[in-house]
Amino acid sequence: MSSNADAPVETATASVEDLQAHVETLEAELADLREAVDDDGQKSMTIIATKGTLDMAYPPLILASTAAAFGWDVVVFHTFWGLEILHEEKSKNLKLSAVGNPSMPMPNAVAALPFMDNVATSMMEKKIAENGTATIEELIETSLDMGVDLQACQMTIELMDYDEDEFYDGVTTGVGAATALQHMADADVQLMI
């Protein structure tokens, strides 16, 4: 940093040119500080998606596509059951669990009945359709179109015996935890969903 800006300017005796030079020096130092703090000015976000239910597929995709619409650099790292979201067929059949969900309008004793997950899923799908809310497939396509990097955990792909060809086109495969951690360390916002 410049030491000229640190020197006080005697305003009573300073000329307009001296004051202008001092202001320009301060502005340059401020710009340097902003650049050092702001990097390129682009915000970034990394989301870790670990759940593959209908209700848990929406938050990472909505947040990712919204952040991308604001010009953010966004990575969503899908691991374990979160890979269901990226699987082209399975993502169209995600279920909503009625058990243990405090927001479900039914007691757990009823929610535990064998058919209630299907009932809860049907109710949610109907509400999504009536509301005109984007489907999971539409949110994935939108996210990819907006430059969101949807990543599939390589270890989980191998562990769960997924076929990478069954993921949506544009999904990044071969990504490990170390890469996800690096993205998280560098991101302005880190979320685990």
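Below or above, wherever it landed, is the structure these notes cover. Given the structure is predicted, the values throughout are model-derived calculations rather than measurements.

**A closer look at the pattern of salt bridges**
Counted under the stated rule, the structure contains 3 salt bridges. Between Glu 130 and Lys 126 there is a salt bridge; the shortest N-O distance is 3.8 Å. Pair noted here: Glu 130 and Lys 126 are both in helix H5 (residues 116-131), with a separation of 4 residues, about one helical turn.

**A few points about the environment of Ala 57**
Looking at the element boundaries, Ala 57 is found in helix H2 (residues 54-69). The exposure class of Ala 57 is buried, given its relative accessible area of 0%. Once the C-alpha coordinates of Ala 57 and Leu 139 are considered, the two residues, 82 residues apart in sequence, prove to be 9.7 Å apart. Apart from residues lying up to four places away in sequence, Ala 57 is in contact with Ile 85, Leu 94 and Ile 136.

**So, H2**
The end-to-end C-alpha distance of H2 is 23 Å, a good match for the 22 Å that 16 residues give at a rise of 1.5 Å each. For H2, the complete set of buried residues consists of Leu 54, Ala 57, Tyr 58, Pro 60, Leu 61, Ala 64, Ser 65, Ala 67 and Ala 68. Looking one or two residues beyond H2, the residue adopting positive phi is Gly 71, at roughly 90°.

**What about a negative patch on the surface?**
On the surface, a cluster of negative charge is made up of Glu 89, Glu 158, Asp 161, Asp 163, Glu 164, Asp 165 and Glu 166. Structurally, Glu 164 can be placed in the loop between helix H7 (154-159) and strand S4 (172-175). Residue Glu 164 is classed as partly exposed on the basis of its relative accessible area, which comes to 33%.

**With respect to the pairing of strand S1 (residues 44-49)**
Of all the 6 residues making up S1, 6 are buried; the element is thus mostly covered by neighbouring parts of the structure. Across the two faces of S1 the burial is the same, with Ser 44, Thr 46 and Ile 48 and Met 45, Ile 47 and Ala 49 all buried. Pairing of S1 with strand S5 (residues 189-192), which is carried by 4 bridges, proceeds in the parallel orientation. Directly across from Ile 47, in S5, lies its bridge partner Leu 191.

**Some details on unusual backbone geometry**
Of note, the phi angle at Phe 80 is positive, near 45°, even though the residue is not glycine. On the secondary structure map, Phe 80 appears in the loop between strand S2 (73-78) and helix H3 (83-86). Of note in the backbone geometry, Asp 161 takes a positive phi value of approximately 60° without being a glycine. Within the element layout of this structure, Asp 161 appears in the loop between H7 and S4. The class for Asp 161 is exposed, based on a relative accessible area of 67%.

**Observations concerning a nonpolar patch on the surface**
Together, Val 110, Leu 113, Phe 115, Val 119 and Met 123 make up a nonpolar patch on the protein surface, roughly 400 Å² of accessible area in all. Secondary-structure assignment places Met 123 in helix H5.

**Re the sheet that holds S4**
In space, the 5 strands of this open sheet follow the order S4-S3-S2-S1-S5, with parallel pairing throughout. Two strands in the sheet have a free side with no partner beyond their single neighbour: S4 and S5. For this sheet, the mean inter-axis angle between neighbouring strands, taken without regard to orientation, is 25°. As judged from the 2 bridges shared by strand S3 (residues 149-153) and S4, these two strands associate in the parallel manner.

Each value, and the rule that gives it
Residues numbered from 1 in each chain as written. Predicted model: local features only at pLDDT ≥ 70, side-chain atom pairs only at ≥ 80, totals over all residues. Heavy atoms only, no water. Salt bridge = Lys/Arg side-chain N within 4 Å of Asp/Glu carboxyl O. Helix = DSSP H or I, 4+ residues; strand = E, 2+ residues; numbered from the N terminus. Buried < 20%, exposed > 50% of the residue type's maximum accessible area, 1.4 Å probe, protein only. Contact = heavy atoms within 4.5 Å. Expected span 1.5 Å × (residues − 1). Patch = residues over 30% accessible without salt bridge, like charges linked within 9 Å, V, L, I, M, F, W, Y side chains within 5 Å. Areas by Shrake-Rupley, 256 points an atom, 1.4 Å probe, with all protein chains shown as cover. Lys, Arg positive; Asp, Glu negative; His and termini not counted. Charge placed at Lys NZ, Arg CZ, Asp CG, Glu CD. Pairing = 2+ DSSP bridges. Axes fitted to C-alpha atoms, helices over the stretch in contact; angles between N-to-C directions.

Interpretation in functional terms is not warranted from these geometric data alone.
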